Amino acid sequence: MGRLNSRTKQFVEQVKAELHSYGFRLCFGRGKTVNGGGWRAAGFFCDRQRFLRVARGRPDWLDILVHEYAHFRQWVEQPAGVYNADAQASITVHDYLHRGRTVSDSVLRKAFSRVMAFERDAEMRAMRIAKAHGLPIDGERYARHANLYIYSHHHYRDWE
C-alpha cells in the first residue's frame, strides 16, 4: 500500500472490510485512470458488478476513494428504488455524453437534475467521511473540485 499515514491506512482497511461484508471488492489501479469497460475514469463504484475501483497513480487518489465510497454508502443507506433511479439517471447522462445516445430533452433534463442531486449528496457524504476519519484531505480544495464537478452538469444540461 506504500507509505500511508496510519489514519489513511486504517480507513482503506475499513473500506475493504465493509465492501467485502456486502460482497464487493476494492480494486486499485496503478495508473491515473482505471478501466470502466470501454471508458476510463479516476474511480468508480459499480453496484451491478460489485466493486469500487480507484486509480492510485494520481495525487488525489484518496479524494477519489472517499467519493466513490460515498456512492457505496448511498447504495447501502438509500431505499433501492431511489438508488436505482439515481444510478439509471447516471447511465443516461454517461451514455449521452460519451456514447452519443440520443434521448428526449425532457428525459435528459430530468436525468441531469437527478445526477446533480445524487453527486451533491455523495460530495457532502464524502466530506463528512473525511472529517470523521481525520483523513489528510484539503476540505477547501475538495469542495472547489466538487462544486465544479456538479456545476459542469448544469453546463451540459443547458447546452442543448
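Details of the structure are given in the entry above.
Our subject in this report is the structure included herewith. (Residues numbered from 1 in each chain as written. Predicted model: local features only at pLDDT ≥ 70, side-chain atom pairs only at ≥ 80, totals over all residues. Heavy atoms only, no water.)

### A look at the overall build of the chain
When you go through the chain residue by residue, the secondary structure sums to 5 helices and 5 strands. Secondary structure of the chain in N-to-C order comes out as α-β-β-β-β-β-α-α-α-α. Relative to its length of 160 residues, the chain is compact, with a C-alpha radius of gyration of 16 Å against a globular reference of 15 Å. With respect to the three principal axes, the spread of C-alpha positions in the chain is 50 × 35 × 30 Å. When burial is assessed residue by residue, the chain has 43% of its 160 residues classed as buried. If you take every contact in the chain between residues at least 6 apart in sequence, the share linking residues at least 24 apart comes to 67%. Taken as a whole, the chain presents about 9300 Å² of accessible surface, with 51% of it coming from carbon and sulfur. Positive and negative side-chain charges of the chain, numbering 26 and 17 respectively, have mean locations separated by a distance of 5 Å. (Helix = DSSP H or I, 4+ residues; strand = E, 2+ residues; numbered from the N terminus. Rg over C-alpha atoms; globule rule 2.2 N^0.38 Å. Buried < 20%, exposed > 50% of the residue type's maximum accessible area, 1.4 Å probe, protein only. Contact = heavy atoms within 4.5 Å. Areas by Shrake-Rupley, 256 points an atom, 1.4 Å probe, with all protein chains shown as cover. Lys, Arg positive; Asp, Glu negative; His and termini not counted. Charge placed at Lys NZ, Arg CZ, Asp CG, Glu CD.)

### Structural notes on unusual backbone geometry
For R50, which is not glycine, the phi torsion reads 60° and is therefore positive. Within the secondary structure layout, R50 lies in the loop between β4 (43-46) and β5 (51-55).

Keep in mind these numbers describe shape, not what the thing actually does.
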